[in-house]
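A look at the structure
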Amino acid sequence: MLVKCVCSNCSHSYLGDDQSGSLACPRCGTENTGVPNVAAYESAAPASGRDEMTFEASDGQGLDLHFAPLSPPPMFVTGDRLVRALLGGGAIAAVVGAVIGGAQTAVQVAIPGLTAIVLGLAGGAAFRFGLGGRSAGRTLGRTGLVLALMLVLGFAGAIVGGWAVERYTGTADRDQDGRPDVAQTREDLDKGLRELLRVRSRTQDAGPATMLDLRITETEEIRHLTDAQLEDYLWKQKAGLGHPLVAYGKSRVLEGPAVKLTPQSPPVELPENAVPGILLGEFLVAFALAIRAVMPR
């Protein structure tokens, strides 16, 4: 019959057949000759059927027992289950994060903790489903690392969702008069172009005239950008980076808005470096909720 064994070399728990005559550990290959005295356990087992039995030293025949031989097999989280959990849980976390980030940007609010709670609950459930329903109590270290990577994908999805909504709708960032930044930028470009043309018409020197012609050409090119392209241009100018999505992410992480409870109210002014601290706190909350989902109940 199949009985539980613990390797005397690496302490790996596995099932062995006491009739086969070979109880080699599948992990390290060590031959383990001793098996628990199953008959002694069965004769002394309580009527309730619970694994509350404690063996004497003679019952184990020299084997260091870590559990009762008739208890359910331990459920270790293997590498293939972690990969499956990362792919499935990461995809779900990214989609959920994109929906939450885009929704908050569309309605022009920023509620601290909302993204963390949703990602922690949904991502943790998806991650445990990817693990095949197994708990990670005995492999918590590597499971925690993969779980943290999954949450990073979720928060990155929230930034991507906010960027996409803001890029194609222009509803998030507005100036003091309530107009979108794109409209204000186009107005500034028109004023700047008229001023450049006026100065160019009065310039006779070749050097300054060439520089003015170059600036007029650049201004014309920017004026012909679409609203979405102009949004990207503004984010790159603001963050000093070459990619609009990376520039948007940098601005959101460093500057926020982190707290904006109603669409009509301005963002809450926070001290310097408070926004990264709030985001770090949200990540820790999401990690705590997700790790609880994969721990033994």
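What counts, and where the lines are drawn
- Residues numbered from 1 in each chain as written.
- Predicted model: local features only at pLDDT ≥ 70, side-chain atom pairs only at ≥ 80, totals over all residues.
- Heavy atoms only, no water.
- Helix = DSSP H or I, 4+ residues; strand = E, 2+ residues; numbered from the N terminus.
- Contact = heavy atoms within 4.5 Å.
- Areas by Shrake-Rupley, 256 points an atom, 1.4 Å probe, with all protein chains shown as cover.
- Axes fitted to C-alpha atoms, helices over the stretch in contact; angles between N-to-C directions.
- Parallel < 35°, antiparallel > 145°, perpendicular 65-115°, else oblique.
- Left-handed = near helix turned anticlockwise from the far one by under 90°.
- Nonpolar A, V, L, I, M, F, W, Y, C, P; charged D, E, K, R; others polar.
- pLDDT = per-residue confidence, 0-100.
- Polar contact = N/O pair within 3.5 Å; in protein donor to acceptor, adjacent residues only side chain to side chain.
- Expected span 1.5 Å × (residues − 1).
- Buried < 20%, exposed > 50% of the residue type's maximum accessible area, 1.4 Å probe, protein only.
- Phe/Tyr/Trp six-rings, centres within 6.5 Å; stacked < 30°, edge-to-face > 60°.
- Salt bridge = Lys/Arg side-chain N within 4 Å of Asp/Glu carboxyl O.
- Core = buried A, V, L, I, M, F, W, Y, C linked by side-chain atoms within 4.5 Å.
- Patch = residues over 30% accessible without salt bridge, like charges linked within 9 Å, V, L, I, M, F, W, Y side chains within 5 Å.

**A few points about the overall build of the chain**
- On a plain count of helices and strands, the chain comes out with 9 helices and 2 strands.
- Listing the helices and strands of the chain from first to last along the sequence gives β-β-α-α-α-α-α-α-α-α-α.
- Sequence-distant contacts in the chain: of pairs separated by 6 or more residues, those separated by 24 or more amount to 60%.
- Counting only carbon and sulfur atoms, one obtains 60% of the accessible surface of the chain, whose full area is about 16700 Å².

**Quick word on the packing of helix α5 (residues 181–201) against helix α6 (residues 206–223)**
- Where α5 meets α6, the closest approach of the two axes is 10 Å, and the angle between their N-to-C directions is 155°. Our classification of the angle between α5 and α6 gives roughly antiparallel. The way α5 lies across α6 gives a crossing that is left-handed. For the pair α5 and α6, contact is made by Arg186, Leu189, Asp190, Leu193, Leu196, Leu197, Val199 and Arg200 and by Ala209, Leu212, Asp213, Arg215, Ile216, Thr219, Glu220, Ile222 and Arg223, respectively.
- Residue composition of the contact of α5 with α6, by class: 9 nonpolar, 1 polar and 7 charged.

**Remarks on the confidence of the model for the chain**
- Looking at the chain, pLDDT values average 77 and 78% of them are 70 or higher.
- Per-element mean pLDDT across the chain ranges from 43 in helix α1 (residues 38–44) up to 91 in helix α9 (residues 274–294).
- Per-residue pLDDT stays below 50 along residues 35–74; that stretch engages in 50 contacts with residues further than four places along the chain or on separate chains.
- Here residues 172–180 scores under 50 on pLDDT; set against residues more than four positions off or in separate chains, the count is 17 contacts.

**Regarding the side chain of Arg81**
- In this fold, Arg81 is placed in helix α2 (residues 79–106).
- Among the polar contacts listed, one links the side chain of Arg81 to the backbone oxygen of Leu131, at a separation of 3.1 Å.

**Details of helix α3 (residues 114–130)**
- In this model, α3 (17 residues) spans 24 Å end to end at C-alpha, consistent with the 24 Å of a helix rising 1.5 Å per residue.
- Looking at the buried residues of α3, the elements they touch are α2, α4 (140–169) and α9.
- Looking one or two residues past α3, Gly132 carries a phi angle of roughly 75°, positive in sign.

**Re α5**
- Spanning 21 residues, α5 covers 30 Å between terminal C-alpha atoms, matching the ideal 30 Å at 1.5 Å per step.
- Within α5, burial applies to Val182, Gln184, Thr185, Leu189, Leu193 and Leu196.

**A short note on the packing of aromatic side chains**
- Throughout the structure, instances matching the rule amount to 2 aromatic pairs.
- On the basis of an interplanar angle of 45° and a centroid distance of 5.9 Å, the ring pair of Phe155 and Phe283 is categorised as tilted. Note that Phe155 is positioned in helix α4 and Phe283 in helix α9, a separation of 128 residues in sequence.
- Note on Trp235 and Tyr248: the rings are 4.7 Å apart at their centroids and 90° apart in plane angle, and the pair reads as edge-to-face. Of the two residues, Trp235 sits in helix α7 (residues 227–239) while Tyr248 sits in helix α8 (residues 244–255), which places them 13 residues apart along the sequence.
- With a relative accessible area of 6%, Trp235 lands in the buried category.
- Taking relative accessible area as the criterion, Tyr248 reaches 0% and is therefore assigned buried.

**Let's talk about the pattern of salt bridges**
- Under the definition given, this model contains 8 salt bridges.
- Ionic pairing is found between Arg223 and Glu220, a salt bridge with its closest N-O pair at 3.2 Å. With Arg223 and Glu220 both in helix α6 and 3 residues apart, this pair spans about one turn of that helix.
- Overall, Glu220 belongs to the partly exposed group, its relative accessible area being 27%.
- Salt bridges sharing partners connect three or more residues here, namely Asp190, Glu220 and Arg223.

**Section: the nonpolar core**
- Core analysis: the largest hydrophobic core is formed by 18 residues, its most contacted members being Leu82, Phe127, Leu131, Leu147, Met150, Leu151 and Val294.
- For this core, the secondary structure elements donating two or more residues are α2, α3, α4 and α9.
- Excluding residues that lie within four positions of it along the chain, Leu147 makes contacts with Phe127, Phe287, Ala290, Ile291 and Val294.
- Residues Val3, Tyr14, Leu23 and Cys25 belong to the second largest nonpolar core, which totals 6 residues.

**Quick word on a nonpolar patch on the surface**
- Judged by side-chain polarity, Ile117, Leu121, Val285 and Leu289 come together as a nonpolar surface patch covering roughly 320 Å² of accessible area.
- Those elements that provide at least two residues to the nonpolar patch are α3 and α9.
- Inspection of the secondary structure assignment puts Leu121 in helix α3.

**A word on the packing of α3 against α4**
- At a closest axis distance of 10 Å, the pairing of α3 and α4 adopts a crossing angle of 130°. As far as their axial angle goes, α4 and α3 are oblique. Relative to α4, α3 is oriented so that their crossing is right-handed. Contacts between α3 and α4 involve Thr115, Ala116, Leu119, Gly123, Gly124 and Phe127 from the former and Thr143, Val146, Leu147, Met150, Leu151, Gly154, Phe155 and Ala158 from the latter.
- Here the contact of α3 with α4 is built from residues that sort into 9 nonpolar, 5 polar and no charged.

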